[in-house]
Amino acid sequence: MNVDMPVVGIDDLAIYVPKLYIDYKDFAQARGIDPQKLEYGIGIRKMAIADTNQDPACMAANACLKLMQKAHIHPQDVGRLYVATESALDESKALNSFVIGMLEQVYGEGSFEHAGGIECKFACVSGSYALHDNANWIRAEENSGKAAIVIVSDIAKYDLGSAGEYTQGAGAVALLIKEEPRLMAFDPKVASTVIKNEYDFYRPFGKETPLVNGGYSNLLYLIQVRKAFDAYKEKALKTGLVKLNEGEAITDHIDFFSVHLPYRRMGEKALAYLLRHEWRHLPRWKHVTKEIGMNEPQPKDPRGTIESILADTDFMKADEQFRRAFMQTSFYNETYEKKMASSLEASAQIGNLYTASMYMGLRSLLEFEFKKGTDLEGKRIGFGSYGSGSSAMVFSGIMQPTYKEIVKGLDLENDIGDRVKLSIDEYERLHRKEIDFNSAVTKAHKEFVLVKLGGSTADKAGFREYDYVS
Ligand code: COA
């Protein structure tokens, strides 16, 4: 390892979540679904819904302003501002340009002129690429002492009545990337990716909701993250980041997991899939299978490609049974409670945030572990980021001695603020865009909102104007 390499990571973070939500019980009743399926099978209690005058740009600006104010950062301290989203507002004009426009209403016109940045797209994984590209920009010392801000912002919107409808949500997370970070330093030279052309979830031009093959996207997520994790493991062992003793798994050297969370239950399943993969060749596995009372089923084709697994219906059935049983074992549950449960709390209260979901998971992990009294100093957090289409990125970071400065003030309920429950009728009208953007349900307070959409002349089509409401 190069000892001179700057230590770079996440210094601070802030969130913005819209104040409107739908309650899972109302939703279940309206759609004729057992509420237990939503609460336990999916893991959702409240889904955040954007108001008529909110979009991914103003949610990103709101999260960024909160971050800058709380971290006492000024525009001259920022060299790059990236926004990762899959809810783009324009085919050409980047989302971060709208964000800069809003921030300059507060900090002064031209205050960000010296900075740079782009909008990044690769479904839900693009924020992780943005984070690492910016970390490397700082490591390469191209940053002239300045920090980078990466904002992940999305509105997860699915067709009314579809299976994806109960995995909706909205919100943004802004992350401050710096040298000598107060919160968490990235482990160097281990971030690993995989990529493949897939159609598990995509949104053709002009279409507001995605086309999604839900079951396929779930399986692809698991396989791609596992592959990226294999590559991470190889690098971690090669660089000496981790040394494995007899009978140990690399997951034993990761204290917490934060993974992509389209819905809470998916995080639980991702952990189960990873643990099975890492444990099945270790002595502990015989104790696991003894507790389950069956051996792990084997696919006919040992290559384990997604095509061969899907074609092997007998295996799929038996594996599903084994997976459920594994998730009931004391081995899984102990690891889940210790290493993952805290990261899933926010997901149940907010829903799917696409690019922002894993980072809201990190925020949740920090807050709820701290509230449990866990000492996080020196602890390693492993990240499993997935974007449909498809690519996965696995990386890790170490909690810094100064982490409490950031974590002690985290309070999800307070950060979201008072919320307004929508009736299903109101929600459906918002979903169908039957309410004009200037007839918002809630009254804006200390935030940016959309005030003008398009112009009276053709050359102003697509113009979006925002105001800061103090
Ligand atoms: N009580 C408790 N749990 C119940 C239940 C009940 N009455 N009825 C069903 N469930 C459970 C199922 O057993 C299943 O649990 P499992 O995950 O342990 O197998 C879970 O609820 C989901 O139900 P299921 O019928 O398998 O799925 P679905 O048809 O509702 O679809 C998605 C779920 C996620 C595929 C769908 O919401 C979707 O397409 N979402 C968008 C795409 C997405 O998020 N992909 C993720 C990867 S990026």
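Please read all numbers here as calculations on a predicted model, not as lab measurements.

Definitions and cut-offs
- Residues numbered from 1 in each chain as written.
- Predicted model: local features only at pLDDT ≥ 70, side-chain atom pairs only at ≥ 80, totals over all residues.
- Heavy atoms only, no water.
- Helix = DSSP H or I, 4+ residues; strand = E, 2+ residues; numbered from the N terminus.
- Rg over C-alpha atoms; globule rule 2.2 N^0.38 Å.
- Buried < 20%, exposed > 50% of the residue type's maximum accessible area, 1.4 Å probe, protein only.
- Contact = heavy atoms within 4.5 Å.
- Areas by Shrake-Rupley, 256 points an atom, 1.4 Å probe, with all protein chains shown as cover.
- Lys, Arg positive; Asp, Glu negative; His and termini not counted.
- Charge placed at Lys NZ, Arg CZ, Asp CG, Glu CD.
- UniProt positions renumbered as here; feature names shortened; annotations may be inferred.
- Pairing = 2+ DSSP bridges.
- Axes fitted to C-alpha atoms, helices over the stretch in contact; angles between N-to-C directions.
- Near = heavy atom within 4 Å.
- Polar contact = N/O pair within 3.5 Å; in protein donor to acceptor, adjacent residues only side chain to side chain.
- Nonpolar A, V, L, I, M, F, W, Y, C, P; charged D, E, K, R; others polar.

Draft legend 1. Layout of the overall build of the protein chain. When helices and strands are tallied, the protein chain shows 16 helices and 17 strands. Taking 470 residues into account, the globule formula puts the C-alpha radius of gyration at 23 Å, and the protein chain, at 22 Å, falls close to it. In terms of overall dimensions, the protein chain has C-alpha extents of about 70 × 60 × 40 Å along its principal axes. Burial analysis of the protein chain (470 residues in total) assigns 54% to the buried set. Pairs at least 24 apart in sequence give 78% of the contacts found in the protein chain among residues at least 6 apart. Total accessible area on the protein chain stands at roughly 20,300 Å², and carbon and sulfur atoms take up 49% of it. One way to put it: in the protein chain the 58 positive side-chain charges average out to a point 3 Å from where the 66 negative ones average out.

Draft legend 2. Up close: the UniProt feature "domain: Hydroxymethylglutaryl-coenzyme A synthase C-terminal" (unreviewed entry) in the protein chain. The sites that UniProt annotates as "domain: Hydroxymethylglutaryl-coenzyme A synthase C-terminal" (unreviewed entry) are residues 185–433. Annotation note: span residues 185–433, helix share 48%, strand share 13%, distance between end C-alpha atoms 42 Å.

Draft legend 3. The sheet that holds strand 2 (residues 20–23), seen in detail. Spatially, three strands are ordered 3-2-15 in an open sheet, and the strand pairing comes out mixed. Edge strands, defined here as strands with exactly one partner in the open sheet, are strand 3 (46–49) and strand 15 (420–421). Strands strand 2, strand 3 and strand 15 of the sheet are contacted by helix 16 (residues 424–431), whose axis makes an angle of about 125 degrees with strand 2.

Draft legend 4. How the structure looks around unusual backbone geometry. The linkage connecting Gly-389 with the following residue, Ser-390, adopts the cis geometry, with an omega of -5 degrees. Residue placement: Ser-390 occurs in the loop between strand 13 (380–387) and strand 14 (391–399). In the Ramachandran plot, His-72 falls in the positive-phi region, its phi being about 55 degrees despite a non-glycine side chain. Assignment of secondary structure puts His-72 in the loop between helix 3 (56–70) and strand 4 (78–84).

Draft legend 5. Broad picture of the site of the ligand. Within the structure, the ligand sits among 22 residues, and Asp-34, Lys-37, Ala-163, Tyr-166 and Lys-269 are positioned closest to it. At a separation of 2.6 Å, an oxygen atom of the ligand approaches a polar side-chain atom of Lys-37. Within the complex, 75% of the 970 Å² of free accessible area of the ligand lies under protein. Put simply, the parts of the chain that give the shell around the ligand at least two residues each are helix 2 (35–42), helix 6 (214–238), helix 7 (264–279) and helix 10 (313–326). The element that contributes the greatest number of residues to the shell around the ligand is helix 2, accounting for four residues. The residue makeup of the shell around the ligand, split by class, is seven nonpolar, eight polar and seven charged.

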